[in-house]
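# Chain and residue survey
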Amino acid sequence: AEFKEGHVVKTVKDVEADKFITAFAQHLKRQGRFEIPKWADVVKTSKAKELPPNDPDWLYTRTASMVRKIYIRGGTGVGGFRKV
């Protein structure tokens, strides 16, 4: 990942969101511990969408995004993430 020169990174909050999410999604994909369900290529991401995501690795990106939100918003329950 590309970080600002001279900037010390200590936590997830110090990294720009898009760079962290991209890097962590690639990490999840390389690990191979994450099993993509069969239905992932046909599922919509919300009721307002008509088609599934174009990116075949969208589930890794979504997972990385949720991991970041859980880290930043510590103590948030499942009900709070229905709105995210």
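Because the structure is a prediction, the values reported are computed rather than measured.

This part is about the overall build of the protein. Looking only at helices and strands, one finds 3 helices and 0 strands in the protein. Moving toward the C terminus, one meets the helices and strands of the protein in the order α-α-α. Expressed as a percentage of the 84 residues in the protein, the buried residues total 18%.

Core analysis: the largest hydrophobic core is formed by 8 residues, namely Val12, Val15, Phe20, Ile21, Ala25, Leu28, Tyr60 and Ala64. Among the secondary structure elements, those contributing two or more residues to this core are α1 (17–31) and α2 (58–72). A per-element tally of this core places α1 first, with 4 residues. Not counting the four nearest positions on each side in its chain, alanine 25 is found in contact with Tyr60, Thr61 and Ala64.

One pass over the full model with this rule turns up 1 salt bridge. The shortest N-O distance in the salt bridge between lysine 29 and aspartate 57 comes to 2.7 Å. Of this pair, lysine 29 sits in helix α1 while aspartate 57 sits in the loop between α1 and α2, and the two are 28 residues apart along the sequence. Taking relative accessible area as the criterion, lysine 29 reaches 44% and is therefore assigned partly exposed. Look at aspartate 57 and you get partly exposed, because its relative accessible area is 23%.

Remark: the alpha-carbon pair of lysine 29 and leucine 59, spanning 30 residues in sequence, is separated by 9.8 Å. Setting aside anything within four residues of it in sequence, one finds lysine 29 in contact with Asp57 and Tyr60.

This part is about α1. End to end, α1 covers 21 Å across 15 residues, agreeing with the expected 21 Å (1.5 Å per residue, within 8%). Where α1 is concerned, the buried positions are Phe20, Ile21, Ala25 and Leu28. Projected onto a plane normal to the axis of α1, the buried residues spread over an arc of 125° and lie on a single side. One or two steps after α1, the chain reaches glycine 32, where phi turns positive at roughly 75°.

What counts, and at which threshold
- Residues numbered from 1 in each chain as written.
- Predicted model: local features only at pLDDT ≥ 70, side-chain atom pairs only at ≥ 80, totals over all residues.
- Heavy atoms only, no water.
- Helix = DSSP H or I, 4+ residues; strand = E, 2+ residues; numbered from the N terminus.
- Buried < 20%, exposed > 50% of the residue type's maximum accessible area, 1.4 Å probe, protein only.
- Core = buried A, V, L, I, M, F, W, Y, C linked by side-chain atoms within 4.5 Å.
- Contact = heavy atoms within 4.5 Å.
- Salt bridge = Lys/Arg side-chain N within 4 Å of Asp/Glu carboxyl O.
- Expected span 1.5 Å × (residues − 1).
- Arc of directions from axis to C-beta.

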